[in-house]
Structure formats: C-alpha cells, structure tokens
Amino acid sequence: MASIPTKDLVNDVDDWWRHAVFYQIYPRSFMDTNFDGIGDLRGITHKLTYLHDTGITAIWLSPIFQAETDNFGYGIANYKDIHRDYGTMQDFEELTRKAKRLNIKILLDFVPDHTSDQCLWFKKSSSREKGYEDLYVWADGRIDENTGERQPPNNWNSLLHESAWSWHPKRQQYYLHQHTAQQPDLNFRSPALIEAIDDVLLFWLDKGVQGFRMIATNYLYNPSQFTDEPVRGKTNNRDQYDFIKNIYSKDQSEVFEMLYHWRSLLDEYSLQNGGPCRILMTDAPTDLKLLANYYESDEGLMGAHIPVNYLLLSDITDKSDGRDFAFNIQKWLICMPGGHTANWIMGSHDQPRIGSKFSLDSVDAINMLLMTLPGIAVTYSGEELGMQDYRAIKWQDTKDPVALSVGPKFYQSISKDPVRTPFQWSAEKNAGFTKLPRTWLPVHPNYEDLNLKTQLDDEKSHYKVYKSLIQLRQEPVLREGRCQVEVINKWVFAVIRSLKNHRSFITLINVGSKPQLINVFNILDDVKHLRILITGVYSNYNAGFLITADYLPKIRLAPHEGIVCMAA
C-alpha cells in the first residue's frame, strides 16, 4: 500500500467542495415511484430538480448497496450491486446522468470495516477458499483453565453490548464483529482485502460518483495479538461496550495510512480522468486531536477532504447556551490544520431533528448558523422544512433493529425510526411520498401543515429562509472571509465574517427560551450601522431594517431567534 503527497497535485485543481452544501438523503424515505411504500433511486432522480432549484451542491446517499441484513444497507452483501428495494443499476446510472446535467455531485455512504455474513467474500473466507482466507478477522479461541470450555480470543465487546466474537462452526474459528454478529469485520492487514476495496471504489468512480463517506473508519484496524482491553471500571456488566476502555479495538495508527492511501487513489483518478475533484469524507467519532490527522499527516500526506465534524450534533443539546455553541465552533477551527476546510452538521438519520431536539422556532436560527460558518454545510433531508421526529410510532410499525431488540417497553426512547419518516412533499395523502396507502414507516401526522408545497406557497417559510441562506453563501465574504465567534451574553452569540475591502456579515443567535436585549456594536470595530438581510419565519424584524449605533443600538432577539446582518 503506497501513498504519495498529493497536496501540490490536485489541491487547487477543483475546489467545488470547499464551500458546498451537502444534502444527506435517506433513500427509503425520500420519494417512492414504484408504489411499494419505499423510497427508491428513481424517486431521487425525479426530485433532483427540486434540489437544484434549492441550491444544493451535492447529495450524499445513505447506503444503497445490496444488503441482506435488516440494518438497511449497513451490512453489505454485494459492493457492486444496488439494493433491490431501491431499483437497478440502470436506475442509478440514470440518476448520475441527470445529476451531471444539473451539476449536482453524488457521494455514496461506504461501509469499509464490515460486510454482511451473506456476502460472497465471507462465505468463501469461512471455507478457506484461496485468495479469501484472510479477508476477515479470524482467530482461535482460548480454553478456560477451570472449565475446559472454549472462550473468545479476548474480552472485546461489540457496540451491541455482547462479545465482539462469534464462533464459526465451518471454519472452526472465531470471527470479529464490532457491530452485530451478522456483520463480520474485514481484515485490513490483508493486501488482498485492500486490493478488493480499491477495485470497488474504482467501480463506483467509473459509474460517475464524485466521492465517498467512509463510515466507522476508526474501527478499520486491530492489533494482530488481540490483547485484552483494560477494564474501565464504570460498570459491572461485562457485556457492556464501555465495560472496557477500547484502546485496542479502534483508533489504531494504521487507520491514517489507509486514509492517505484512499486519498491518493481518488486524487490519481481525478488527475487521470478529468472532471470534478473526487472527495473523501470520513465518519469517525473520536478524539478531536486524532481527527486532525485525518486531514493530513505530519509529512504532508493528504487524508480526508472532509472528516465529518459532529461537535454541534453530539456536544450541543437543548440545554446548551451561547457559550457552548461558541466553544464547540472554536474548538474545531482551532484543531483543524491550516489550509483545510471546516464542515458543520446538526442533523442526521441517527440523531433527533432540529425541530424536535430544540424547537420548531429554532430551525431558522440553526440553518443561519450552518450557512454562515466558514466551509461546508451539511443538511439532512427535511431540515430545510423543519420536519420533526415522530416519536409516537407504534411498536408494530417499528423497523429499527436496535429498538426492536429492547422490546415494546423501551423501544421508543432509543428508536431511530422517528427521524427517518418519509419526506413531506405536500398535504396529499402520505405527504405525496407514495401513491400506496401504506408507507414503510408512518408519515408524521403534521404533514398536512408542514410540507414543501405549503412552504413554497407561503410568503415566509423555513424553506424560503433556507434557500435565501444558500443564495447568500455566494457572497465573497462568506466564501473566503475570516470567522470570529463572540459571546454577547449567556444566551446570545455572534458569528462575524470579514474580508478585506468587503462589508462584514454578522449572524446573531439567541439560543435561550427568553427574549434578549443586546448591543451588538460593543463587539464590532468601526461599524455604525447594520442592515438586516435575513430573518426567520417568526421574527418581528423585516429584511432591510437598519440598526444604528447612535439611535437604535439595541436589538431585541426573541427566544431561539436568529438574524443575519451586513455592516452598512
């Protein structure tokens, strides 16, 4: 495995991604065109014009590969085929053609660290077929000295709170699975495995995708000795994932080498084939200082273009104040190596929606924040409308396998289904998502009032605020300007963007539940007038309103209100 410094080769060839708006689509819930109640690729193709009109730069698709498990694509059975629920390879090729015409880039969620146990690779590996023997992590067990019984190789636990090892009777060895037992871990110490994954990536690049989000990359490597993890001491339950410290089962240094290799592969492909820069995103919730190495090695080897930044998603809650927001923004900007691009995300298919985590009247302010911070903004499908979680999904309608595993008494508190309900296109039956009477997950009952068609017709709406923010992002100050974050009081903070010879932009946000009267001019140098550019749906201010330091220096922000201003 070889990597080359690519900083000077492709960094300046095409920077389309550096100020992009990425739109995550959960395919099952976007649009159904074959009337089976499940979203599909043709549905995404059909709605690309909507995304283009909104101003979306790129779509990132949750897993679409053939999968035999019940985890909706995260246990891949065939890396080179489309999940039957979503359509065919011909459907995907039509999607890429239309996206290219509309200048929308496509990124695929890619699961590199494990497959389904129904994957042909695993079946051949379990049979010790030549060339496949070492594609997965296999190990002999150990014998309990007291009982003589066979035991797993070590004390590692899976994320599902059980042993990370399962016995395979045919192979007569244990295999590692850091997720479910139906998702065996691949062995990245095998040159044959790296070659096979490279082949898959090139296959999809040839199909026209512009990059990948590599999921759970911090789990790619494990020590070959399978050393026992030290006990954390926080719980007596040996099956709990946090019973042990997990210093060997993830975040190994070889992960960086793999990222540099993939970056080199994508950069070389872009150079040889022309077209837009192909990009590498990584999903690895881990220590922030380690994430800095995901960008670049000390020797200048390039890694991920976009190590996904989860700070605003994981470390910000409905109890957070303005200081917490400012701290987590600054934390990422400080730890990110110079010359790289920040990214910001506050919604996903695994986390509560903004309108539920905070409140519906917070939606515009949060989108203002995401769109006026420097770098890349990521939107989870439906957040532009203020869609909310549907927590009242009944047990018999539940699909999330983790929620199903805990039973009907506790499923609602942990289920991810509420954030994955079908997109609310209109007030038609089932929100215009499908013509079928029944959908794969129930549609949120508020769809008759909260839907795209209504928001397009309304004079002011979350969608129209969102679209205006994307248009504003084209301003040089927001594309190239410096970023300063100021805490005005406990509940209000400001994001100030400035660029030489340009007027500054200021985003003011009150994250508190009470009105706040503030004087923003105390934190602005040589600025005497502010003109409001964008307000939220519930704001008492109108775009164009002038705030002056001499006559009307104080601004009253309603609870959860945000406004975007320009120095006048």
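Criteria and cut-off values
- Residues numbered from 1 in each chain as written.
- Predicted model: local features only at pLDDT ≥ 70, side-chain atom pairs only at ≥ 80, totals over all residues.
- Heavy atoms only, no water.
- Pairing = 2+ DSSP bridges.
- Helix = DSSP H or I, 4+ residues; strand = E, 2+ residues; numbered from the N terminus.
- Contact = heavy atoms within 4.5 Å.
- Axes fitted to C-alpha atoms, helices over the stretch in contact; angles between N-to-C directions.
- Left-handed = near helix turned anticlockwise from the far one by under 90°.
- Nonpolar A, V, L, I, M, F, W, Y, C, P; charged D, E, K, R; others polar.
- 1 Å grid on protein atoms, 1.4 Å probe; cavity = no way out; pocket = protein on both sides within 12 Å on 5 of 7 lines; lining within 4 Å.
- Points joined across faces, edges and corners; volume = space filled by probe spheres on them.
- Domains from an automatic or database assignment.
- Buried area = accessible area lost by both parts, 1.4 Å probe.
- Salt bridge = Lys/Arg side-chain N within 4 Å of Asp/Glu carboxyl O.
- Polar contact = N/O pair within 3.5 Å; in protein donor to acceptor, adjacent residues only side chain to side chain.
- Buried < 20%, exposed > 50% of the residue type's maximum accessible area, 1.4 Å probe, protein only.
- Expected span 1.5 Å × (residues − 1).
- Core = buried A, V, L, I, M, F, W, Y, C linked by side-chain atoms within 4.5 Å.
- Parallel < 35°, antiparallel > 145°, perpendicular 65-115°, else oblique.

Structural notes on the sheet that holds strand β1 (residues 21-25)
(1) Moving on: The 8 strands are arranged β13-β12-β11-β5-β2-β1-β15-β14 in an open sheet whose pairing can be described as parallel. Pairing within the sheet leaves two strands with one partner each, and these edge strands are β13 (306-307) and β14 (343-345).
(2) Moving on: Helix α7 (residues 254-273) contacts β11 (211-215) and β12 (279-283) of the sheet and is inclined by roughly 155 degrees relative to β12.

Remarks on the packing of helix α6 (residues 191-206) against α7
(1) Moving on: Viewed as axis vectors pointing N to C, α6 and α7 meet at an angle of 35 degrees, and their least axial separation amounts to 11 Å. For the element pair α6 and α7, the recorded crossing hand is right-handed. Contacts between α6 and α7 involve I194, I197, D198, L201, L202, L205 and D206 on the former and, on the latter, M258, H261, W262, L265, L266 and Y269.
(2) Moving on: Of the residues assigned to the contact of α6 with α7, the class counts are 10 nonpolar, 1 polar and 2 charged.

A closer look at empty space enclosed by the protein
Over the atoms rolls a probe the size of a water molecule, and in doing so it shows where empty space is left.
(1) Moving on: Inspection of every chain in the model, using the stated rule, returns 3 cavities of 30 Å³ or more.
(2) Moving on: Of the pockets and cavities examined, the largest cavity occupies roughly 60 Å³.
(3) Moving on: Every residue along the wall of the largest cavity is listed here: Y26, S29, F30, R353, Y380, S381, G382, M387, R420, T421, P422 and F423.
(4) Moving on: A breakdown of the residues in the lining of the largest cavity according to their chemical character gives 6 nonpolar, 4 polar and 2 charged.

Considering the domain arrangement of the protein
(1) Moving on: Along its sequence, the protein is organised into domain 1 (21-113 + 190-219 + 247-394 + 449-466), domain 2 (114-185 + 222-246) and domain 3 (481-567).
(2) Moving on: Computed over C-alpha atoms only, the centres of domain 1 and domain 2 are separated by 29 Å.
(3) Moving on: In this assembly, 23 residues from domain 1 lie in contact with 27 residues from domain 2.
(4) Moving on: Contact between domain 1 and domain 2 buries roughly 2,000 Å² in total, counting both sides, with carbon and sulfur atoms accounting for 59%.
(5) Moving on: Here domain 1 is connected to domain 2 by 0 salt bridges.
(6) Moving on: Where domain 1 packs against domain 2, one counts 11 residue pairs in polar contact (both at pLDDT 80 or more).
(7) Moving on: Those elements that place two or more of their residues in the side of domain 1 that touches domain 2 are β4 (76-82) and α6.
(8) Moving on: Per-element accounting of the side of domain 1 that touches domain 2 gives the leading share, 5 residues, to α6.
(9) Moving on: Its residues placed into classes, the side of domain 1 that touches domain 2 shows 14 nonpolar, 6 polar and 3 charged.

Points about the pattern of salt bridges
Opposite charge on two side chains lets them pair, provided their charged atoms get close.
(1) Moving on: In the structure shown here, the tally under the stated rule is 20 salt bridges.
(2) Moving on: Ionic pairing is found between D457 and K453, a salt bridge with its closest N-O pair at 2.7 Å. Here K453 and D457 lie together in helix α15 (residues 452-457), a separation of 4 residues that amounts to about one turn.
(3) Moving on: The class of D457 is exposed, set by a relative accessible area of 54%.

Regarding helix α4 (residues 89-101)
(1) Moving on: When the terminal C-alpha atoms of α4 are compared, their 19 Å separation across 13 residues agrees well with the 18 Å that a helix rising 1.5 Å per residue should span.
(2) Moving on: Summarising the contacts, the buried residues of α4 are in contact with α2 (41-46), α3 (48-54), β2 (58-61), β4, β5 (105-110) and α6.
(3) Moving on: Remark: N103 follows α4 within two positions and exhibits a positive phi of approximately 60 degrees.

Focus: the nonpolar core
(1) Moving on: I59 and W121 are the most contacted members of the largest nonpolar core, which totals 128 residues.
(2) Moving on: At 9 residues, α7 tops the list of elements feeding residues into this core.
(3) Moving on: Not counting the four nearest positions on each side in its chain, I59 is found in contact with Y23, I25, I44, L48, L51, I104, K105, I106 and L107.
(4) Moving on: Membership of the second largest hydrophobic core comes to 20 residues, among which are V492, I496, L508 and V527.

Side note on the sheet that holds strand β10 (residues 173-176)
(1) Moving on: Strand order in the open sheet formed by 3 strands is β6-β10-β9, with antiparallel pairing between adjacent strands. Both edges of this open sheet fall to β6 (138-139) and β9 (165-168), since each of them pairs with a single strand only.
(2) Moving on: Bridge count for β9 against β10 is 4 bridges, and the pairing is antiparallel. Among the inter-strand pairings, H168 is bridged to a residue of β10, identified as Q173.

Some details on the environment of W121
(1) Moving on: Turning to its location among the elements, W121 is positioned in helix α5 (residues 120-126).
(2) Moving on: Under the relative-accessibility criterion, W121 is labelled buried at 16%.
(3) Moving on: Each C-alpha atom of the pair W121 and L186 lies 9.7 Å from the other, and the pair is 65 residues apart in sequence.

Considering the packing of α7 against helix α8 (residues 288-295)
(1) Moving on: Between α7 and α8, whose axes approach to 9 Å, the crossing angle comes to 30 degrees. Considering the angle they form, α7 stands roughly parallel to α8. Crossing of α7 against α8: the hand is right-handed. In this structure, α7 contributes V255, F256, L259 and Y260 to the contact, and α8 contributes L290, N293 and Y294.
(2) Moving on: Classifying every residue of the contact of α7 with α8 gives 6 nonpolar, 1 polar and no charged.

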